Amino acid sequence: MYRCSPRPHQGRQRGSGLGVGLAVVQAITTRHHGELTFTPRAGGGLTVRVVLPGRTGGAALMG
């Protein structure tokens, strides 16, 4: 699900893109020890939920 790959259609249709969105979200979520969940929606589609931990002590997160 998280691979960077082109979509089968490359036109300017709704939902078209480069196919890297979920891979980027997953990489950021993993790097920050977050949680990524997917919930199917009735009638089609998907809800994507990203939870990232908050900062503690006011210090910026550095990688």
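Residues numbered from 1 in each chain as written. Predicted model: local features only at pLDDT ≥ 70, side-chain atom pairs only at ≥ 80, totals over all residues. Heavy atoms only, no water.

**Topic: the overall build of the protein**
Then step 1. Broken down by element type, the protein carries 1 helix and 2 strands.
Then step 2. Reading the protein from its N end, one meets helices and strands in the order α-β-β.
Then step 3. Taken over 63 residues, the protein has a buried fraction of 5%.
Then step 4. Put simply, of all contacts in the protein between residues at least 6 apart along the chain, 13% involve residues at least 24 apart. (Helix = DSSP H or I, 4+ residues; strand = E, 2+ residues; numbered from the N terminus. Buried < 20%, exposed > 50% of the residue type's maximum accessible area, 1.4 Å probe, protein only. Contact = heavy atoms within 4.5 Å.)

**Focus: the pairing of strand β1 (residues 35-40)**
Then step 1. In this sheet, strand β2 (residues 46-51) lies alongside β1 in antiparallel orientation, the contact comprising 6 bridges. Bridging from a neighbouring strand, leucine 36 pairs with valine 50 of β2.
Then step 2. The antiparallel pairing of β1 with β2 creates a hairpin that spans 5 residues between the two strands, and glycine 43 there sits at a positive phi of about 85°. (Pairing = 2+ DSSP bridges.)

**Details of the side chain of threonine 29**
Then step 1. Examined against the element boundaries, threonine 29 turns out to sit in helix α1 (residues 21-31).
Then step 2. Residues contacting threonine 29, with those up to four places away along its chain left out, are Gly34, Glu35, Leu36, Val50 and Leu52.

**Considering a nonpolar patch on the surface**
Then step 1. Taken together, Val20, Leu22, Val24, Ile28, Leu46, Val48, Val50 and Leu52 make up a surface patch of nonpolar side chains, about 580 Å² in accessible area.
Then step 2. Mapped onto the nonpolar patch, the elements with two or more residues apiece are α1 and β2.
Then step 3. Topologically, leucine 52 is positioned in the segment after β2.
Then step 4. Look at leucine 52 and you get partly exposed, because its relative accessible area is 44%. (Patch = residues over 30% accessible without salt bridge, like charges linked within 9 Å, V, L, I, M, F, W, Y side chains within 5 Å. Areas by Shrake-Rupley, 256 points an atom, 1.4 Å probe, with all protein chains shown as cover. Salt bridge = Lys/Arg side-chain N within 4 Å of Asp/Glu carboxyl O.)

**Brief notes about unusual backbone geometry**
Then step 1. For histidine 33, which is not glycine, the phi dihedral falls at a positive 55°.
Then step 2. By the secondary structure assignment, histidine 33 is in the loop between α1 and β1.
Then step 3. On the accessibility criterion, histidine 33 (70% relative accessible area) is exposed.

Read these as spatial facts, not as claims about activity.
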